[in-house]
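Residue-level listing of the chains:
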Amino acid sequence: MKIDNLKDKTAKGLLWGGVSNGIQQLLNLAFGIFLARLLTQADYGMVGLLTIFSSIASALQEGGFISALNRKKEVIHEDYNAVFWFNTSCSVFIYLLLYIAAPFVADFYNEPQLTPLARYLFLGFVISSLNIVPRAMMFRNLMVKEMNLITLAALTISGIVGVTLAANGFAYWGIATQTIVFVSMMTLFSYAFTRWHPSFHFSIQPIRDMIGFSSKLVVTNVFTIINQNLFANLIGKFYSISEVGYFTQANKWNQMGHTFVNSMLNGVAQPIFAKVDEDRERQLRVFRKLLRFTAFVSFPAMFGLSLVSQDIIVIAITEKWLSSAHILSVLCIWGAFVPINNLFAHLIITRGHSNVYMWNTIVQCLLLLVAVIGVYPYGFEWMLRMFVAINIGWLLVWWWFVRHEIGLHFVNLLQDLSPYLLLSAFLTLGCQYLLAGIDNVYVSLLLKVLLVGILYFAILWVAGSVILKESLGFLFGKGRKEGK
């Protein structure tokens, strides 16, 4: 693929991912505000306790085949068809196991109502298993625009359903139904865009060819999910359902923030890395450019969200959720590094080292488990700090492996990250100090956003930031014209 064409595809993918995901997060924000005002901390806590189980089940039924299909030089109908039937069969089997296990999950948390809720909520991953092949087709072909349009439509429909049910007294059942409607709409619309359909005759050989690579991704994804949901479940065991609700609400806002950046990258990173996989130097240049772009967006966005956490919680979902504000401010510091860590992981996967990805994630998860439980006697605050510190520090482990793959030196890492990290940290801390005396949350929020935002872009512009000028150039048409 020509350099200009690849650059144009990458830029368009990032642009579509950014614009559409910004709209998605606004929708999430709007529906989230309504739900948080209607529901209690315990309602969120009930669903939060089950998230780890449904997410692990989803990772098992996906099987790592989306990445495996993306790595193949050529993919034919028999490959897609084998993945469809294999994943569908696995998802039904896993659901039956979880259906039987639901009462034991309820007993573990001493919440009998979890049994019917779990059996209902777990239906969502069976439905999503039908969507693996269409997602793989769109992912492989860089159909970022189509994927984001589908997500927007699904979010809108499911959000309306969730709010309607919550307003009519369905409590946590409304959140569960919102999830099921979302995956159902995603599946339906994906088939409408790809126009793919399975055939009843299929061969197991494509599964055998891909299982060595994909199985490692499955294990990795399971431990990634455990890592992401471990903290909420430990809170549920050691503390109360309401505490889980506070953490779940804070983490939801944190995820909305870093998902904005992740969604831009997830649609283009692996396919782009795969297209330059045979040219190590070019892959290094592409990686470093994406790394700088990620830092350019992620650090100011997440540090800024940490800065306004209390203001935005009080304004959006009232003071009844105020305990979530401090948790959010700490989580956002970790959230700033999530897209960066994911970018490193995408490269490792593209280079074919799913075993490195797997063991890296497993060791991180086990270390988190031991460390967080180890500081449990010192209270929730120390558990939270330990969780964030290990997740951030793990960037150095990712870098160590990437260095051996494409020659990314530590100096390169500092050059690509430090300007945006230091500037964002300096501006947010300075703004916090200067505006600490403002009591009106609306005025405080507005001044913090304007001050940090204007100074960030102004300083980068004066400093001659290439990423800033290229991003603005493409956004307003210059980059797209030059890429033709």
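See the structure above.
Here the structure is a predicted model, which means the values were calculated and not measured.

Student: Tell me about the overall build of the protein, and please be specific about residues and values.
Tutor: Looking only at helices and strands, the protein has 23 helices and zero strands in total. Within the protein, buried positions represent 55% of all 484 residues. Within the protein, residue pairs in contact and separated by at least 24 positions form 85% of the contacts whose partners lie at least 6 positions apart. Looking at the protein as shown, the accessible area adds up to about 21400 Å², and 67% of this sits on carbon and sulfur atoms.

Student: Describe the packing of aromatic side chains, with residues and values.
Tutor: One pass over the structure, following the stated rule, counts 19 aromatic pairs. Aromatic side chains W85 and F200 sit 5.9 Å apart centroid to centroid with 35° between the ring planes, which places their arrangement in the tilted category. Of this pair, W85 sits in helix 4 (residues 77–109) while F200 sits in the loop between helix 9 (172–194) and helix 10 (205–238), and the two are 115 residues apart along the sequence. The class of W85 is partly exposed, set by a relative accessible area of 24%. An aromatic cluster is defined as three or more aromatic residues linked by ring pairs; in this entry it consists of F84, W85, Y191, W196 and F200. Directly above the aromatic system of Y99 lies the positively charged group of R119, at a separation of 4.0 Å from the ring centroid. Residue placement shows R403 over the ring face of W400; its charged tip is 4.5 Å from the ring centre.

Student: Please set out the side chain of Q178 residue by residue, giving values where relevant.
Tutor: Within the element layout of this structure, Q178 appears in helix 9. By relative accessible area, which is 16% here, Q178 ends up buried. With near-sequence residues (within four places) excluded, Q178 lies in contact with L35, S158, G159 and G162.

Student: Please set out the pattern of salt bridges residue by residue, giving values where relevant.
Tutor: Taken as a whole, this structure holds four salt bridges when the rule is applied. Here R292 and D416 are joined by a salt bridge, their closest N and O atoms 3.2 Å apart. Linking R292 in helix 13 (residues 280–307) with D416 in helix 20 (residues 410–434), this pair joins segments that are 124 residues apart in sequence. With a relative accessible area of 24%, R292 lands in the partly exposed category. What makes D416 buried here is its relative accessible area of 1%. Across the pair D311 and K448 runs a salt bridge whose closest N-O atoms are separated by 3.0 Å. A residue pair is termed long-range when its members are at least 10 positions apart, and D311 in helix 14 (residues 309–317) and K448 in helix 21 (residues 441–462) qualify at 137 residues. Like K448, D311 is buried. Among the ionic contacts, a cluster of salt bridges with common partners joins R288, R292 and D416.

Student: Mind laying out the nonpolar core, listing which residues take part and the relevant values?
Tutor: Counting 116 residues, the largest nonpolar core has F231, F287, F296, F299, L331 and F344 as its most contacted members. If near-sequence neighbours (up to four positions away) are discounted, F344 is found in contact with F287, L291, L395, W398, W399, V402, L408 and L413. Ranked by size, the runner-up nonpolar core spans 14 residues in total, among them L69, A82, V83 and M210.

Student: How would you sum up helix 16 (residues 338–350)? Please name residues and give values.
Tutor: Given a rise of 1.5 Å per residue, 13 residues ought to cover 18 Å, and the 18 Å separating the end C-alpha atoms of helix 16 matches this to within 8%. The buried count for helix 16 comes to 12 of 13 residues, which makes it a mostly enclosed element. Within helix 16 the residues assigned to the buried category are V338, P339, I340, N341, L343, F344, A345, H346, L347, I348, I349 and T350. Phi for G352, located one or two positions after helix 16, is positive at around 85°.

Student: Help me get a handle on the packing of helix 8 (residues 144–167) against helix 9, residues and values and all.
Tutor: Their axes nearest at 8 Å, the elements helix 8 and helix 9 cross at an angle of 150°. With respect to their mutual orientation, helix 8 and helix 9 come out roughly antiparallel. The two elements helix 8 and helix 9 meet at a crossing, and its hand is right-handed. Each of E146, I150, T151, A153, A154, L155, I157, S158, G159, V161, G162 and L165 in helix 8 lies in contact with helix 9, whose residues at this interface are G174, T177, Q178, V181, F182, M185, M186, F189, S190 and F193.

Student: Go over the environment of T220, please, and point to the residues and values.
Tutor: Note that T220 resides in helix 10. Aside from chain neighbours lying at most four places away, what touches T220 is S354, Y357, M358 and T361.

Student: Describe unusual backbone geometry, listing the residues and the values that go with them.
Tutor: Positive phi values are uncommon outside glycine, yet A171 reaches one of about 50°. Of note in this structure, R195 is not a glycine but carries a positive phi near 55°. Tracing the backbone shows R195 in the loop between helix 9 and helix 10. We classify R195 as exposed; its relative accessible area is 72%.

Student: Any chance you could break down a nonpolar patch on the surface for me, citing the residues and the numbers?
Tutor: The grouping of Y433, L434, L451, L455 and I459 at the surface amounts to a nonpolar patch, some 510 Å² of accessible area in total. When contributions to the nonpolar patch are tallied by element, the ones reaching two or more residues are helix 20 and helix 21. It is helix 21 that contributes the most residues to the nonpolar patch, three residues altogether. Mapped onto the elements of the fold, L434 is located in helix 20.

Student: Break down the packing of helix 17 (residues 354–374) against helix 19 (residues 395–406) for me, citing the residues and quoting the values.
Tutor: Here helix 17 crosses helix 19 at 160°, and the two axes come no closer than 11 Å. Taken together, the axes of helix 17 and helix 19 are roughly antiparallel relative to one another. Helix 19 is crossed by helix 17, and the crossing has right-handed handedness. Residue-level contacts link V356, Y357, N360 and T361 of helix 17 to V397, W398 and F401 of helix 19.

Rules and cut-offs
Residues numbered from 1 in each chain as written. Predicted model: local features only at pLDDT ≥ 70, side-chain atom pairs only at ≥ 80, totals over all residues. Heavy atoms only, no water. Helix = DSSP H or I, 4+ residues; strand = E, 2+ residues; numbered from the N terminus. Buried < 20%, exposed > 50% of the residue type's maximum accessible area, 1.4 Å probe, protein only. Contact = heavy atoms within 4.5 Å. Areas by Shrake-Rupley, 256 points an atom, 1.4 Å probe, with all protein chains shown as cover. Phe/Tyr/Trp six-rings, centres within 6.5 Å; stacked < 30°, edge-to-face > 60°. Lys NZ or Arg CZ within 6 Å of the ring centre and 35° of its normal. Salt bridge = Lys/Arg side-chain N within 4 Å of Asp/Glu carboxyl O. Core = buried A, V, L, I, M, F, W, Y, C linked by side-chain atoms within 4.5 Å. Expected span 1.5 Å × (residues − 1). Axes fitted to C-alpha atoms, helices over the stretch in contact; angles between N-to-C directions. Parallel < 35°, antiparallel > 145°, perpendicular 65-115°, else oblique. Left-handed = near helix turned anticlockwise from the far one by under 90°. Patch = residues over 30% accessible without salt bridge, like charges linked within 9 Å, V, L, I, M, F, W, Y side chains within 5 Å.

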